[in-house]
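Summary of structural features
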Number of protein chains: 2
Amino acid sequence: MEAKYGPVPIRDVRITGGFWKSWQETAARSTVPAVYSQFEKTGRFKALAHGWREGEPDKPHIYYDSDVAKWIEGAAYSLHICPDAGVEAKIEALIDLVEAGMSADGYFNSYFQSVEPHMRWTRRADHELYCAGHFMEAAVAYYEATGRRRFLDLMRRSGDHIRAVFAESGSAAFETPGHEEIELALLRMWRCDGDSKWLGLARHFIDRRGKNPADLRFVHFSPLFTQDHAPVAEQASAEGHAVRFAYLFAAATELALATGDEALAEACRRVWRDAVDKKMYVTGGVGSMARGEAFGPAYYLPNFEAYAETCASIAMAFFARRLSLLEPRGEYADVFELQMYNGALAGISLDGKGFFYENPLCARPSDQELIDISRGQVRPARRAEVFDTSCCPPNILRFILSLGGCMYDVRQAPRGTAASAAGPASPIASEGRPLGALGAPGAPNTLDALYVHHYAESVADVALAGQAVRLRQETSYPWNGAIALSVSAQKPFTATIALRAPAWCGSPSLNYASAEKDGYLHVTREWHDGDRILLELPMDVAELEANPLVLQDAGRAALKRGPLVYCAEEADNGPRLHDLLLGSETRYETAWMPNLLGGVNAIKFGALRRKPFDGLYRKWAPEYEPATATAVPYYAWANRGPGEMAVWLMKEARRRAE
Amino acid sequence: MEAKYGPVPIRDVRITGGFWKSWQETAARSTVPAVYSQFEKTGRFKALAHGWREGEPDKPHIYYDSDVAKWIEGAAYSLHICPDAGVEAKIEALIDLVEAGMSADGYFNSYFQSVEPHMRWTRRADHELYCAGHFMEAAVAYYEATGRRRFLDLMRRSGDHIRAVFAESGSAAFETPGHEEIELALLRMWRCDGDSKWLGLARHFIDRRGKNPADLRFVHFSPLFTQDHAPVAEQASAEGHAVRFAYLFAAATELALATGDEALAEACRRVWRDAVDKKMYVTGGVGSMARGEAFGPAYYLPNFEAYAETCASIAMAFFARRLSLLEPRGEYADVFELQMYNGALAGISLDGKGFFYENPLCARPSDQELIDISRGQVRPARRAEVFDTSCCPPNILRFILSLGGCMYDVRQAPRGTAASAAGPASPIASEGRPLGALGAPGAPNTLDALYVHHYAESVADVALAGQAVRLRQETSYPWNGAIALSVSAQKPFTATIALRAPAWCGSPSLNYASAEKDGYLHVTREWHDGDRILLELPMDVAELEANPLVLQDAGRAALKRGPLVYCAEEADNGPRLHDLLLGSETRYETAWMPNLLGGVNAIKFGALRRKPFDGLYRKWAPEYEPATATAVPYYAWANRGPGEMAVWLMKEARRRAE
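Residues numbered from 1 in each chain as written. Chains lettered and ligands numbered in written order. Predicted model: local features only at pLDDT ≥ 70, side-chain atom pairs only at ≥ 80, totals over all residues. Heavy atoms only, no water.

**What to know about the relation of the copies chain B and chain A**
- Relative to chain A, chain B is turned by 180 degrees and slid 0.1 Å along the rotation axis, the superposed coordinates differing by an RMSD of 0.0 Å. Each copy turns onto its partner about a two-fold axis. The C-alpha atom lying nearest the rotation axis in chain B is that of Arg656(B); the distance is 2.2 Å.
- Comparing interface residues between copies, 100% of those in chain B also sit at the interface in chain A, which points to an isologous, same-surface contact. (Least-squares fit on C-alpha atoms with pLDDT ≥ 70 in both. Contact = heavy atoms within 4.5 Å.)

Here it is, written out as structure tokens:
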């Protein structure tokens with residue numbers, strides 16, 4: 001059995017317990033039907049049937065198809081986890097509609113076919129390629145879950161049509177999409193069916209971006225908004241609409257890996273550095289500005305006014321995932337982990353039915369309504385079941401249900417003295433080979449290496465060193481950093497198992513000799529059936545400091561334990577959380593609270609609360625009273641009714657007796 | 001010579017030196033021509049001549065007349081200070097245009113007469129009454145400065161027309177103005193000519209407000225925006241557009257004083273309390289929200305995003321001024337002083353030619369442009385010479401040039417044992433007597449009382465206890481708190497002189513026995529020619545603390561010395577001002593710097609600067625290096641090119657060795 005280099009696919013990784021099992025069950029059993037029901041109510045399926053007529057309510061919106069497609073994709077993943085004939089029937093019925101509605105030439109779009117049939121491919125800003133891309137992703141996911149090709153074949157027809165319009169005749173009024181997504185989708189079709197025309201079309205869209213002045217006619221705000229300000233391979237910073245940015249560069253990373261385009265790879269690394277080092281909230285949130293749902297200037301990270309769209313966190317996770325494939329540096333999986341436990345996960349309620357579009361790091365509901373009016377749009381202080389623009393609910397759905405496929409990669413590593421020289425092969429492979437960069441079977445003087453990016457109670461089946469190997473993880477991560485990984489194999493085999501040592505962990509320990517490289521502990525040895533790796537990632541409560549350039553975090557600390565960012569909520573601490581003061585020698589205790597927020601490790605600590613006074617200003621004379629405070633994981637906030645929340649807490653600047 | 005109760009008018013108060021002499025000369029010699037020139041360039045005078053034709057540039061705007069009127073008003077005040085035949089000729093030429101353009105029925109409005117003549121009095125939001133009001137104020141100011149009645153007579157015709165339309169026929173499509181101002185103007189016409197029809201019409205507009213549901217058709221955002229949510233006498237909080245709010249309640253206060261309407265007076269006190277105790281920046285700025293130029297929720301006072309329109313500070317000063325007349329409580333003149341030295345004055349550059357519309361308390365120019373785009377409007381990081389909506393430049397002009405008339409009031413106080421029982425008479429007088437509340441000549445058992453609200457090198461001529469009295473102030477206020485007030489009178493007289501003891505001053509001292517009441521030191525005695533009052537208001541640098549409910553000021557202190565709020569600017573301190581830390585035992589020194597910003601007392605102090613590090617977040621380990629810091633008066637910021645600015649500085653929460 002040859003190793004299959006690349007990600008260990010979702011079907012081969014079963015999350016069997018703990019934190020993510022619980023979330024996946026919530027997503028499958030609660031979110032899948034809840035989002036379906038909301039989309040049905042709001043006319044999205046009727047739109048798909050081209051059933052809307054002028055004058056009726058629920059006029060199709062230009063991005064309705066993408067909402068439906070992401071629901072299908074998420075629901076398809078749920079079939080791996082809990083097969084459900086009812087869900088499958090719902091998906092099939094939606095595919096029926098797409099099949100019935102698709103033009104003979106392969107065009108499908110609910111909005112344009114129903115509302116403005118004569119305007120096909122004329123408005124770059126109107127999400128046609130974006131919707132088509134999401135259908136393609138859904139089709140691949142459904143095919144991979146069920147083996148049924150009908151949807152995939154329809155989307156191949158759609159792809160052929162798009163290829164004809166954009167890469168052959170050039171008959172569309174624009175050249176590249178206003179909202180990137182099709183690039184990711186085409187690469188995924190290519191990974192699925194191996195047809196290099198999809199790779200070629202993805203490359204076309206990425207290559208042409210920022211080169212055609214005519215495309216700028218369709219731009220909102222500024223060319224930065226749609227990453228049109230420069231050719232992709234020349235871009236130097238994270239700019240514009242955050243979701244568009246990260247979808248584009250996730251695809252560009254995958255393209256660079258597939259084609260060996262080192263200049264493009266370097267651009268991906270550059271913009272990543274800019275986003276992560278200058279424009280990302282401590283929760284992983286990106287896109288601080290409401291206007292344009294966009295990156296702000298470097299270090300502009302307001303907490304109260306934060307936009308930080310749920311989809312942008314998910315998109316950053318996609319980008320991180322592709323970078324991990326390009327080169328297994330731990331920081332990429334660290335950011336993926338940051339999103340999965342914080343920035344993205346905060347976008348869904350514990351019951352799986354309520355959603356945030358925006359994810360502030362500080363909330364005071366009494367102020368929220370007026371502030372939101374001040375921006376000309378309403379940001380509810382509580383989670384909603386559906387939005388007019390409802391990209392986030394099905395996006396977090398598909399994200400949670402597809403996490404299994406993000407846990408492991410099999411790569412080829414140069415053979416060397418055990419552990420010391422372990423490390424990945426050159427990241428860039430020859431053109432046109434899906435994920436070929438990760439290895440070529442039988443390459444001389446190499447070893448197979450299994451990269452373990454994430455920790456969760458789970459069982460994975462991988463092909464490693466010529467045989468089927470089963471890896472079982474036992475852990476209560478993220479509540480505890482003890483992870484046991486057991487190896488099952490019919491016969492001994494020599495390979496590297498590389499375990500991510502997260503950057504948040506100061507002193508990881510392992511029961512085997514290992515070599516640390518780029519954030520992974522590489523254990524290279526002859527593995528035997530029953531071998532048990534014991535990895536310990538001590539989780540202390542850490543107070544984090546933000547860069548002095550971040551205006552809004554000056555004098556404040558954020559609490560993090562393991563991968564989880566914490567926040568203080570009014571439900572536990574009363575109001576005025578922005579004013580709660582951590583003393584210079586605060587002691588933190590962690591307590592498992594099974595009945596709190598579905599079961600969390602809460603952080604308990606002593607703090608100081610400034611005493612109120614009348615009027616607005618007085619001579620400086622703060623008085624404090626001691627307060628017992630509780631912090632809970634940020635992902636779990638806003639599940640107990642409206643109330644204040646704060647991630648960054650005031651912290652005494654210097655030790656008091658130094 | 002009988003005492004004339006009420007404010008000592010602008011013509012009788014000459015500011016002869018120091019801070020305000022310098023500002024008044026700048027305003028008269030620089031701002032008067034600069035604003036005139038900008039208004040000429042932008043077509044405002046052409047509009048006044050009804051010279052615009054469809055298709056031409058510089059289409060008249062609905063509030064152009066008010067810009068012109070405020071310039072005339074300011075220029076009229078300048079004639080008291082430095083008579084200038086050229087300025088007078090310019091004003092006369094503008095009056096010619098108004099005279100030529102006024103309809104036979106007394107209607108004048110550049111916009112409606114030129115652009116939409118058939119739409120007169122149909123759109124409540126379109127500033128017709130507001131423009132008419134500003135013309136009336138200008139006409140009164142010009143009459144009082146020159147004795148020429150032509151403009152005033154034109155505006156009396158305009159007033160008669162408005163009275164016919166709004167109070168008699170009711171033929172307008174609305175009942176009360178969308179933007180308050182006419183109420184102040186009518187009361188001013190009444191004070192000038194004593195014709196009670198103006199009082200009646202002002203009362204009509206104030207009385208009907210919030211009672212006519214039809215008026216709400218013309219409302220932006222919410223009825224709160226235009227103070228339409230309740231009858232004026234029932235309003236309980238400061239709501240909506242801050243300038244409209246304060247113009248309305250300034251007029252309502254004056255009306256309450258004139259009519260003895262205690263319920264209305266109580267409403268004015270209530271909304272004042274709400275504004276001052278919950279919604280005012282430490283600089284005096286009000287209206288924290290850009291959207292609607294409006295008050296935010298209580299305690300919502302963001303520094304970086306602050307709107308705090310210059311006109312709103314001026315309007316709050318007008319409101320405070322009327323409250324001082326209603327009842328001489330020092331807090332009213334304290335807020336007036338706060339505006340004159342900070343909130344309002346920051347709106348004009350030191351050369352008198354550049355203006356701010358918005359007055360943030362924290363600035364980082366690199367962020368400013370994007371943030372402003374995010375609000376859908378551009379807020380320049382530097383002062384502008386003119387705005388499309390250019391209300392602020394001529395408003396700060398008229399404010400500075402009319403300050404002389406805000407320094408003194410003559411009131412009647414009950415006669416009692418010297419000083420002990422001193423205090424004003426009942427504030428509410430009988431109906432229809434301009435400012436009659438302040439006293440009636442010859443009333444039994446009373447004494448005349450001269451209230452000194454503000455301190456500036458000046459000479460005032462007042463009628464007091466039956467004779468002409470001259471009061472000379474010698475002081476270098478606001479740089480120093482020593483004030484000498486000399487009395488000149490032909491014969492001895494018994495009266496009270498009440499000197500404001502500002503709330504910022506902990507230990508005022510006086511060389512005469514006095515009784516403190518409501519923020520004034522009352523000295524009641526027989527005054528002789530040559531008597532010299534020596535008032536000492538020690539000015540220490542004070543660190544101010546904001547109420548714990550103010551989210552953005554937590555952990556921060558603002559520096560104030562005397563009436564001046566200070567700020568740190570990048571030009572003196574380098575960048576990252578938001579992160580500069582005041583130690584718990586900071587020592588402040590004041591240094592007169594004649595070459596800095598036109599001459600200021602700068603505050604020098606040692607602070608701590610957090611050392612930069614790479615990346616965005618790390619485990620809490622702040623390192624500091626000592627820094628020498630300089631704070632300058634807030635009004636003088638943004639006169640040295642774009643740079644950072646911060647009013648609220650990080651401050652060590654607790655003493656380090658306690």
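Past the structure itself, the notes keep going.
**Points about the interface of chain B and chain A**
- On the chain A side, the residues contacting the 73 residues of chain B number 73 residues.
- Note on chain B versus chain A: buried area summed over both sides is about 6,200 Å², and carbon and sulfur give 59% of it.
- Counting the contacts that link chain B with chain A gives six salt bridges.
- Arg654(B) is the partner of Glu652(A) in a salt bridge, and the nearest nitrogen-oxygen pair spans 2.7 Å. (Buried area = accessible area lost by both parts, 1.4 Å probe. Salt bridge = Lys/Arg side-chain N within 4 Å of Asp/Glu carboxyl O.)

**Considering the pattern of salt bridges**
- Tallying each qualifying case throughout the model produces 108 salt bridges over all chains.
- Notably, a salt bridge pairs Asp572(A) with Arg640(A), separated by 2.7 Å at the nearest N-O pair. Placement of the pair is Asp572(A) in helix α16 (residues 570-573) and Arg640(A) in the loop between β21 (624-633) and β22 (645-646), with a sequence separation of 68 residues.
- Residue class for Asp572(A) comes out partly exposed when judged on its relative accessible area of 26%.
- For Arg470(B), the salt bridge is made with Asp461(B), and the minimal N-O distance between the two is 2.8 Å.
- Under the relative-accessibility criterion, Asp461(B) is labelled partly exposed at 26%.
- Taken together, the shared-partner salt bridges connect Glu88(A), Glu92(A), Asp96(A), Glu99(A), Arg148(A) and Arg150(A) into one network. (Helix = DSSP H or I, 4+ residues; strand = E, 2+ residues; numbered from the N terminus. Buried < 20%, exposed > 50% of the residue type's maximum accessible area, 1.4 Å probe, protein only.)

**A few points about the confidence of the model for chain A**
Residues and elements named next belong to chain A.
- When pLDDT is averaged along chain A, the result is 92; 93% of the residues meet or exceed 70.
- Counting interchain partners and residues more than four positions distant, the pLDDT-below-50 stretch residues 373-378 has eleven contacts.
- Ignoring residues within four places in sequence, the model shows residues 417-434, a span with pLDDT below 50, making 56 contacts including any to other chains.
- Reported confidences for the modelled complex are a pTM of 0.92 and an ipTM of 0.93. (pLDDT = per-residue confidence, 0-100.)

**Here's the deal with the sheet that holds strand β6 (residues 458-464) of chain A**
- Ordered by their spatial adjacency, six strands build an open sheet running β2-β6-β7-β8-β13-β10 (chain A), and the pairing between neighbours is antiparallel. The open sheet has two free edges, formed respectively by β2 (13-15) and β10 (509-510) of chain A, since each of these has just one partner strand. (Pairing = 2+ DSSP bridges.)

**Things to note about the domain arrangement of chain A**
All names here are of chain A.
- In terms of domains, chain A is made up of domain 1 (42-218), domain 2 (407-536) and domain 3 (541-651).
- Taking only C-alpha atoms, the centre of domain 2 and the centre of domain 3 are 38 Å apart.
- With four residues of domain 2 at the interface, the matching set in domain 3 holds twelve residues.
- Between domain 2 and domain 3, the buried area comes to about 600 Å², and carbon and sulfur atoms account for 69% of it.
- Looking only at domain 2, the three residues that lose the most surface to domain 3 are Pro478, Trp479 and Trp504, adding up to 95% of its buried area.
- If you look at where domain 2 meets domain 3, you find zero salt bridges.
- Counting across the interface, domain 2 meets domain 3 through two residue pairs in polar contact (both at pLDDT 80 or more).
- When its residues are assigned to classes, the side of domain 2 that touches domain 3 shows four nonpolar, no polar and no charged. (Domains from an automatic or database assignment. Polar contact = N/O pair within 3.5 Å; in protein donor to acceptor, adjacent residues only side chain to side chain. Nonpolar A, V, L, I, M, F, W, Y, C, P; charged D, E, K, R; others polar.)

**Some points on empty space enclosed by the protein**
- One pass over the structure, following the stated rule, counts 18 cavities of 30 Å³ or more.
- Here the largest cavity is characterised by a volume of approximately 310 Å³.
- Forming the walls of the largest cavity are 26 residues, and the residues nearest its centre are Leu551(A), Gln552(A), Arg556(A), Gln552(B) and Arg556(B).
- Of the volumes computed, that of the second largest cavity is approximately 140 Å³.
- Considering the residues around the second largest cavity, the lining is formed by 20 residues, among which Gly555(A), Lys651(A), Ala653(A), Leu581(B) and Met650(B) are closest to the centre.
- Taken together, the elements giving at least two residues each to the lining of the second largest cavity come down to β23 (648-651) of chain A together with β23 (648-651) of chain B. (1 Å grid on protein atoms, 1.4 Å probe; cavity = no way out; pocket = protein on both sides within 12 Å on 5 of 7 lines; lining within 4 Å. Points joined across faces, edges and corners; volume = space filled by probe spheres on them.)

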